[in-house]
Amino acid sequence: MTQPSEDPKDAFAELGRIRLDETSLDDMLGRIAELATRSIPGARRLTVSLFRGADGRSLMATDEIARDLDQWQYDHGRGPCVDASVGASSISVPDMSAEPRWPEWADRARSAGVGSSLSIGLPIQEAVVGALNVYGGEAHAFDQDAIATAEGFAAYAAVALANAHLYDSAAALSEQMRAAMRSRAVIEQAKGIIMAERRCSPDEAFALLSRLSQDSNRKVRDVAEALVASAARKPRA
């Protein structure tokens, strides 16, 4: 088994000093990969996978061989990376030459010089899951100590991905709220224009906007924007 070039305790201490709010997700995952490959006994390659529903992708890969082995699993919907992600479990493939669960994938891995692998599931947030995937050059590259170390790195990767997912969700919600407020503002402007021209109530003005929307097969917001723009172009008396 290949011995690590760095003590896992030192690597975890270094990861613990990184501020997630001051570090991009790519930089964080890159640092996790760098430290993991130097600290996990037997590790030669490493990837971090993300699954949203049935769609999987490699957020980070140390090389194209590792990325290709992940991609085969995404394309076929099976393999240790996929199963570890779905089950939030640790799945070991001790020997690619004697792997009965995913023989096609194992043959592909063995042809690429990969003798064993380890996948650690990452429960992240709601329907989003992932996996830390470690590939060894030899069969039986990962003993119990290596598995425990890999699971420690997986915990850091899960935190980084969960924070990134929460940030993306919050940003998306914020943009939806801003869009809703913009729509409401322009609709209120259009209602005001109609009320002034027709001497009608707010409800009557909105009913007219709705009728125009249906007749023109456009959204109420788009009808309102067109009305406001037309009013702005009219010369003032």
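As a reminder, the structure under discussion sits directly above these lines.
Quantities reported herein were computed from a predicted structural model and do not represent experimental measurements.

Overview of the overall build of the protein chain
Across its full length, the protein chain carries eight helices and five strands. Counting only residues that meet the buried cut, the protein chain has 39% of its 237 residues in that class. Put simply, 58% of the contacts in the protein chain that link residues at least 6 apart link residues at least 24 apart. Surface accessibility of the protein chain: about 13000 Å² in total, with carbon and sulfur atoms responsible for 51%.

So, the packing of helix α3 (residues 64-76) against helix α5 (residues 103-111)
At a minimum axis separation of 10 Å, α3 and α5 run at an interaxial angle of 165°. Relative to α5, α3 is oriented roughly antiparallel. Of the two elements, α3 crosses α5, and the hand of that crossing is right-handed. Across from Asp68, Leu69, Trp72 and Gln73 in α3, the residues of α5 making contact are Glu104, Trp105, Arg108 and Ala109. Here the contact of α3 with α5 is composed, by residue class, of four nonpolar, one polar and three charged.

Details of the pairing of strand β1 (residues 43-52)
The element β1 is extensively covered by neighbouring structure, given that eight of its ten residues are classed as buried. Here β1 runs beside strand β2 (residues 55-61); their pairing, made up of six bridges, is antiparallel. By the bridge assignment for β2, Ser49 is matched with Ser58.

Here we look at the pattern of salt bridges
Counted according to the given criterion, the structure contains ten salt bridges. A salt bridge links Arg45 to Asp63; its shortest N-O distance comes to 2.6 Å. Pair noted here: Arg45 is in strand β1 and Asp63 is in the loop between β2 and α3, with a separation of 18 residues, a long-range link. Looking at Arg45, the relative accessible area reads 13%, which means it is buried. Judged by its relative accessible area of 24%, Asp63 is partly exposed.

A short note on unusual backbone geometry
Residue His140 is not a glycine yet carries a positive backbone phi of 55°. Looking at the secondary structure, you find His140 in the loop between β5 (128-136) and α6 (144-198). You can call His140 exposed: its relative accessible area is 55%. Although it is not a glycine, Arg199 sits at a positive phi angle of roughly 55°. By the secondary structure assignment, Arg199 is in the loop between α6 and α7 (202-216). Given the relative accessible area of 70%, Arg199 is considered exposed.

Procedures and definitions
- Residues numbered from 1 in each chain as written.
- Predicted model: local features only at pLDDT ≥ 70, side-chain atom pairs only at ≥ 80, totals over all residues.
- Heavy atoms only, no water.
- Helix = DSSP H or I, 4+ residues; strand = E, 2+ residues; numbered from the N terminus.
- Buried < 20%, exposed > 50% of the residue type's maximum accessible area, 1.4 Å probe, protein only.
- Contact = heavy atoms within 4.5 Å.
- Areas by Shrake-Rupley, 256 points an atom, 1.4 Å probe, with all protein chains shown as cover.
- Axes fitted to C-alpha atoms, helices over the stretch in contact; angles between N-to-C directions.
- Parallel < 35°, antiparallel > 145°, perpendicular 65-115°, else oblique.
- Left-handed = near helix turned anticlockwise from the far one by under 90°.
- Nonpolar A, V, L, I, M, F, W, Y, C, P; charged D, E, K, R; others polar.
- Pairing = 2+ DSSP bridges.
- Salt bridge = Lys/Arg side-chain N within 4 Å of Asp/Glu carboxyl O.

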